[in-house]
Amino acid sequence: MRVFRSFGPPSDFEQARVSEELLPLESYNGRSGYDPGFVDPRQPLSLPGPGRWGDDLIELRSDARVSGQDPFELKYTHFSVKMAKSRALPLFSACNIEGSQSDRDVERTDVWRRDPRIENRYQNLREGYGNENQGFFSRGHMTRREDPNWGNDATAKTADADTFHITNVAPQRQGFNAGIWLDLENYVLNNADRENLKVTVITGPILSEDDPTYYNREIPVAFWKIIAFIDGQTNELTTIGYKRSQLTYLPRRTRSRFVFGDFEDTQVPIASLQEETGLDLDDYVQFDAMAGAGSGFEVRVSSVSDFYLRR
């Protein structure tokens, strides 16, 4: 494991973008989180199972748990997060997008904070984040800030603020956080059933023991998405898997066993993502547009129009 030194302190602007103040626990009451039956109530898609991460999940504080609910699920407005103790990073963030209501201008919250429902020690608010010109990383949203911003004005505003919790973040270089990574949800919405403009997006880092270390933190090299929707032509529930690498954006070149060459954008079978992430993605495998392809199969894509959307 290679370790890289700090390049200097964060700027005053960076310091102003974070808040050490924790919101009251009761302010999170009523968060519904991810809805498994959102896209197709007849074929609900549960949150990814913990798989090999079962003993590494971060549990909600006892005073933040709700009887009968998953004690490892951080519920926000229209999305949910589960986190890994060993990396203090999200395993995934799962969001429901209501496309018919999502075209709205919501003022960007732009202030990062911790979630009081889990221990602070698992929430790195500052270390390694800052000015990219100094070698630091951006706080890369897992659930995009725009995706859950639907519903009435108050709900959309709350959803935007919810995405600025550090629990919804993995370190990313700014150049990585663009292009297809940002366009994919919009592309799928444009190809969804116009009578059912509902999409589920699950996003997370691929956490590898070979990830490089910067600022005393292991930084994920690769990231993944799964998108579920009703196909506009077949009217069938469809899922697609996607993987992106930030290898070429890192301050120095390193290697990871999860990076096949220098790929940046690839569509991959969800069964392959299941192997790489260690999560249980069986609910999504059966509807995969690339179902039946070998686990090592991948298709490089240069634009969103290159994606296979049908089996």
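Data block above holds the structure.
Every value quoted in this text rests on a predicted model; they were computed, and no experiment measured them. (Residues numbered from 1 in each chain as written. Predicted model: local features only at pLDDT ≥ 70, side-chain atom pairs only at ≥ 80, totals over all residues. Heavy atoms only, no water.)

Engineer: Before we go on, may I ask you to explain the environment of Ala64 in this structure?
Structural biologist: The residue Ala64 is located in the loop between helix H1 (12-16) and strand S2 (74-75) in this model. Setting aside residues up to four positions removed in sequence, Ala64 forms contacts with Leu25 and Arg117. (Helix = DSSP H or I, 4+ residues; strand = E, 2+ residues; numbered from the N terminus. Contact = heavy atoms within 4.5 Å.)

Engineer: Explain empty space enclosed by the protein to me, please; I cannot follow it from the model alone.
Structural biologist: A water-sized probe rolled over the atoms picks out the places where empty space is left. For the coordinates displayed, the defined rule picks out 2 cavities of 30 Å³ or more. Size it by volume and the largest cavity reaches roughly 40 Å³. Surrounding the largest cavity, Met83, Ala88, Leu89, Tyr122, Gln123, Asn124, Tyr129, Ile166, Val169 and Arg217 form its lining. The residue makeup of the lining of the largest cavity, split by class, is 7 nonpolar, 2 polar and 1 charged. Its boundaries defined by the atoms lining it, the second largest cavity holds a volume of some 30 Å³. Residues of the lining of the second largest cavity, tallied by class, amount to 4 nonpolar, 2 polar and 2 charged. (1 Å grid on protein atoms, 1.4 Å probe; cavity = no way out; pocket = protein on both sides within 12 Å on 5 of 7 lines; lining within 4 Å. Points joined across faces, edges and corners; volume = space filled by probe spheres on them. Nonpolar A, V, L, I, M, F, W, Y, C, P; charged D, E, K, R; others polar.)

Engineer: Would you mind showing me how to read the packing of aromatic side chains here?
Structural biologist: For any pair of aromatic rings, the description consists of the separation of the ring centres together with the inter-plane angle of the planes. All chains considered together, the criterion is met by 9 aromatic pairs. When the ring of Phe137 is compared with that of Tyr215, the centres are 6.4 Å apart and the planes differ by 85 degrees; the resulting orientation is edge-to-face. In this pair, Phe137 is assigned in the loop between strand S4 (89-98) and strand S5 (138-141) and Tyr215 in the loop between strand S8 (213-214) and strand S9 (217-218), connecting sequence segments 78 residues apart. Owing to a relative accessible area of 6%, Tyr215 belongs among the buried residues under this scheme. Sitting over the ring of Tyr76, Arg117 keeps its end group 4.9 Å from the ring centre. (Phe/Tyr/Trp six-rings, centres within 6.5 Å; stacked < 30°, edge-to-face > 60°. Buried < 20%, exposed > 50% of the residue type's maximum accessible area, 1.4 Å probe, protein only. Lys NZ or Arg CZ within 6 Å of the ring centre and 35° of its normal.)

Engineer: Where do I start with the nonpolar core in this structure?
Structural biologist: A general feature of soluble globular proteins is that nonpolar side chains tend to end up buried together. Counting 65 residues, the largest nonpolar core has Leu184, Ile240 and Phe307 as its most contacted members. Sorting the residues of this core by element identifies strand S3 (79-84), S4, helix H3 (180-190), strand S7 (198-206), strand S10 (222-230), strand S11 (237-245) and helix H4 (270-277) as the ones contributing at least two each. Dropping the residues within four chain positions of it, Leu184 is found in contact with Lys225, Ile227, Ile240, Tyr242, Val304 and Phe307. Phe137, Ile166, Val169 and Val221 belong to the second largest nonpolar core, which has 15 residues in total. (Core = buried A, V, L, I, M, F, W, Y, C linked by side-chain atoms within 4.5 Å.)

Engineer: Explain the sheet that holds S3 here, please?
Structural biologist: Backbone-to-backbone hydrogen bonds join strands into a sheet, with any given pair of strands oriented parallel or antiparallel. Strand order in the open sheet formed by 8 strands is S2-S3-S4-S7-S10-S11-S12-S13, and the pairing between neighbours is antiparallel. The sheet is open, and its two borders are formed by S2 and strand S13 (299-300), each paired with just one other strand. When S3 meets S4, the two strands line up antiparallel, connected through 6 bridges. Of the residues in S4, the one forming a bridge with Ala84 is Leu89. Of the strands in this sheet, S4, S7, S10, S11 and strand S12 (265-268) are in contact with H3, which crosses S10 at around 10 degrees. Sitting on the sheet, H4 is in contact with S7, S10, S11 and S12, with an inclination near 50 degrees to S11. (Pairing = 2+ DSSP bridges. Axes fitted to C-alpha atoms, helices over the stretch in contact; angles between N-to-C directions.)

Coordinates in, geometry out; function isn't part of it.
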